[in-house]
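# Structural features, examined
Here is how the chains run, residue by residue.
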Amino acid sequence: MKTVFLFLRQGISNRNLLRTDFLKTLKENPQVRVVILSPIGDDAGFRAEFEAPNICVEKWPRTKVGFWEKRLKNLKDYVWVSRGLTQAIRVRRLAQRGKWGLAWRDVLGRLARSLGITEQHINAWEMRTYQSRSTVAQVYDRYHPDLVVFTRLFGTNLHVIKEAKKRRIPVLCLVESWDNLICKGPLSVVPDTIAVWNKGMVDEASQLHDFPREQVAVVGVPQFDLYTDKNALLAREEFFGLERLNRHKRLVTYAASTEGFIPNEPDIFETVYQTLQQKRFGDSVQVMLRLHPITSAPLREKYYLRFSNRPNVTIQRPGRTSALHDGWDPSWADMVNLASTIFYSDVVVNIASTMAIDAAVLDKPVIAVAFGRGKQGVRSIYFDDIFGNSHYRKLVETKGLRLVGSAEELAEAVGAYLENPSIDASGRSRLREELCFRLDGQSGTRAASVVLHRLGITVPEVI
């Protein structure tokens, strides 16, 4: 029997892999034992959900990052960013560091490159200086894995993956999102194989990270497999009742961004709401404000105090909080609720969210709000550049979503989509094709097949 380690510390990874056919496919193979290592591996509910005769659940071994380890990781980041490989990373770093913070890091990165220092050199130094952590080594000694699988290429504390590299155990990364390779930075630990959403990510792995094309597998998007099965969704009456919606009114869903991304987003939603209360729409439109899954308690309270008693507004609090790295752990019911929310929405509005892809998968009109000044003139450097110079440009160029630069444009776009939902359908089709590979309900199975092939187990190829 072959043993696979699944190191999953994000809720998004649990959704993509544990609650799709990925885990089901591995579980059904009698030649495979899966060990799930998670920060919530000691949670009774989590263990009860996943433990099985050939599935073990362990708590992710905690370790601390060393001083020089962190310095080397930072240096590698400076070198990679200073190469100017992608404007997306510069936009992100500018938002994180500010103009001068990015400037001195660029100087240091260029200086290192002038001395012949590359990311590959730093990777080698990191591995030579890595010392096994006892908590990590104990898990490896207990199970003796044949393959190690993880999902985050860019974290600093990846001792669990460095341990595999040190022991010469094959490592596979199932990249968890479409934007990771273009805007997250250099690879923290270089895997032997990568599995990605789409063909464009093969180019990004090669061009931005010097990763061999032949070691990149395109599998699609496991969490979108659910979207291909309309029978799995909630019935319309059940969904509208659950969310306290009026089934006789059209539904516009506003998907809020990650907290801190847009400092004045409550003001932006205010504008969206007021726009949809215009006389041209009468009383025929209701708005669902879908909070981001990891919205903090203070921001949730702010939204509820401001909007919960307004007419034609419903606030949806999705997912469930968790001690995972990204703060949430969506259940299957949460996943079904999200799919149902999009399916029954007439229009989906967001700023620059992956929710635009979710909506396009279900062929729902998507509007991206591109006006960002709040009442106090608060601005986000990242927001100002995101549609033209960041990873989100890939979505914009498909013409599968409509950018609106004012409340007037928002009203016109919503009105047009409500009258004719097929507007921009060709762009949404292009978005699905370029970003999602195949929407055939088989992405989870394809991802599992990559794991099985890496283990030397022959399985039928999933086209």
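First, a word on what this report is: a plain description of the structure on this page. (Residues numbered from 1 in each chain as written. Predicted model: local features only at pLDDT ≥ 70, side-chain atom pairs only at ≥ 80, totals over all residues. Heavy atoms only, no water.)

What follows covers the overall build of the protein chain. Within the protein chain, the secondary structure is distributed over 20 helices and 13 strands. Whereas a compact globule of 463 residues would reach a radius of gyration of roughly 23 Å, the protein chain reaches 23 Å, a difference of no more than 12%. Each principal axis of the C-alpha atoms in the protein chain carries an extent, and together these give about 65 × 55 × 40 Å. Burial status across the protein chain gives 58% buried among its 463 residues. Restricting to contacts in the protein chain with at least 6 residues of sequence separation, those with at least 24 account for 70%. Charge centroids of the protein chain, computed over 65 positive and 51 negative side chains, lie 5 Å from each other. (Helix = DSSP H or I, 4+ residues; strand = E, 2+ residues; numbered from the N terminus. Rg over C-alpha atoms; globule rule 2.2 N^0.38 Å. Buried < 20%, exposed > 50% of the residue type's maximum accessible area, 1.4 Å probe, protein only. Contact = heavy atoms within 4.5 Å. Lys, Arg positive; Asp, Glu negative; His and termini not counted. Charge placed at Lys NZ, Arg CZ, Asp CG, Glu CD.)

Moving on, we get to a nonpolar patch on the surface. A cluster of nonpolar side chains, contributed by Trp104, Leu108, Leu111 and Leu115, occupies part of the molecular surface with about 420 Å² of accessible area. With respect to the helices and strands, Leu115 occurs in the loop between helix 5 (87-114) and helix 6 (119-129). On the basis of relative accessible area, Leu115 is assigned to the exposed category, the value being 64%. (Patch = residues over 30% accessible without salt bridge, like charges linked within 9 Å, V, L, I, M, F, W, Y side chains within 5 Å. Areas by Shrake-Rupley, 256 points an atom, 1.4 Å probe, with all protein chains shown as cover. Salt bridge = Lys/Arg side-chain N within 4 Å of Asp/Glu carboxyl O.)

Below, the discussion takes up the sheet that holds strand 6 (residues 193-196). Strand order in the open sheet formed by 7 strands is 3-2-1-4-5-6-7, with parallel pairing between adjacent strands. Looking at which strands have only one partner, the edges of the open sheet turn out to be strand 3 (55-59) and strand 7 (216-218). This sheet shows a mean twist of 20° between the axes of neighbouring strands, independent of strand direction. In this structure, strand 5 (residues 171-174) lies alongside strand 6, joined through 3 bridges in parallel fashion. Across the sheet, residue Leu174 finds its bridge partner in strand 6, namely Ala195. On top of the sheet, helix 7 (residues 134-143) reaches strand 1 (2-7), strand 2 (32-38), strand 3 and strand 4 (147-150); it is set at about 155° to strand 1, its chief contact. Lying over the sheet, helix 10 (residues 199-209) contacts strand 6 and strand 7, oriented at roughly 165° with respect to strand 7. (Pairing = 2+ DSSP bridges. Axes fitted to C-alpha atoms, helices over the stretch in contact; angles between N-to-C directions.)

It is worth spelling out helix 4 (residues 67-82) at this point. Taking 1.5 Å of rise per residue, the 16 residues of helix 4 would be expected to cover 22 Å, and the 23 Å separating its terminal C-alpha atoms lies within 8% of that figure. Of all the positions in helix 4, only Glu69, Leu72, Lys73, Leu75, Lys76, Asp77, Tyr78, Val79, Trp80, Val81 and Ser82 are classed as buried. Immediately downstream of helix 4, the backbone of Gly84 shows phi near 65°, a positive value. (Expected span 1.5 Å × (residues − 1).)

What follows deals with the pattern of salt bridges. Going through the model one piece at a time under the given rule, you end up with 28 salt bridges. Residues Glu49 and Arg19 are paired through a salt bridge, measuring 3.0 Å at the closest nitrogen-oxygen approach. With Glu49 in helix 3 (residues 44-50) and Arg19 in the loop between helix 1 (11-18) and helix 2 (21-27), this pair connects stretches of sequence that are 30 residues apart. Relative accessible area serves as the criterion here: at 40%, Glu49 is assigned to the partly exposed category. Judged by relative accessible area, which is 6%, Arg19 ranks as buried. We note a salt bridge from Arg393 to Glu397, for which the minimum N-O separation is 2.7 Å.

What the 6 strands build is an open sheet, ordered 10-9-8-11-12-13; its pairing is parallel. With partners counted over all chains shown, the strands left at the sheet margins are strand 10 (313-316) and strand 13 (402-404), one partner each. In this sheet, adjacent strand axes meet at a mean angle of 25° when their direction is disregarded. Across the sheet, helix 13 (residues 297-307) touches strand 9 (285-290) and strand 10, and the angle it forms with strand 10 is around 165°.

All right, on to the environment of Val285 then. In this fold, Val285 is placed in strand 9. Spatially, the C-alpha atoms of Val285 and Leu251 are 6.0 Å apart, while their sequence positions differ by 34 residues. Contacts of Val285, omitting those with residues within four sequence positions, involve Arg250, Val252, Gln277, Asn312 and Leu418.

Moving on, we come to the environment of Val404. Structurally, the position occupied by Val404 is in strand 13. By relative accessible area, which is 2% here, Val404 ends up buried. Apart from residues no more than four positions distant in its own chain, Val404 is found in contact with Ile367, Ala368, Val369, Ala370, Phe371, Glu409, Leu410 and Ala413.

Moving on, we get to the side chain of Asp326. Structurally, the position occupied by Asp326 is in the loop between strand 10 and helix 14 (332-343). One buried charged residue, Asp326, remains without a salt bridge, the closest side chain of opposite sign being Arg152 at 6.7 Å. Polar side-chain contacts of Asp326 include one of 3.2 Å to the backbone nitrogen of Ile12. For Asp326, the residues in contact, after removing those within four places along its chain, are Arg9, Gln10, Gly11, Ile12 and Ile294. (Polar contact = N/O pair within 3.5 Å; in protein donor to acceptor, adjacent residues only side chain to side chain.)

A separate point is the side chain of Thr193. Topologically, Thr193 is positioned in strand 6. At 3.4 Å, the side chain of Thr193 forms a polar contact with the side chain of Arg454. Excluding anything up to four places from it in sequence, Thr193 contacts Val171, Leu172, Cys173, Phe211, Gln215 and Arg454.

What follows covers the packing of helix 4 against helix 6. At a closest axis distance of 9 Å, the pairing of helix 4 and helix 6 adopts a crossing angle of 170°. With respect to each other, helix 4 and helix 6 are oriented roughly antiparallel. Here Glu69, Leu72, Lys73, Leu75, Lys76, Val79 and Trp80 of helix 4 come into contact with helix 6, specifically with Glu119, Ile122, Asn123, Trp125, Glu126 and Thr129. When its residues are assigned to classes, the contact of helix 4 with helix 6 shows 6 nonpolar, 2 polar and 5 charged. (Parallel < 35°, antiparallel > 145°, perpendicular 65-115°, else oblique. Nonpolar A, V, L, I, M, F, W, Y, C, P; charged D, E, K, R; others polar.)

The next thing to look at is unusual backbone geometry. Phi at His144 is positive, roughly 50°, even though this residue is not glycine. Topologically, His144 is positioned in the loop between helix 7 and strand 4. Despite not being glycine, Asp424 has its phi angle at roughly 70°, a positive value. Relative to the helices and strands, Asp424 resides in the loop between helix 18 (407-419) and helix 19 (425-436).

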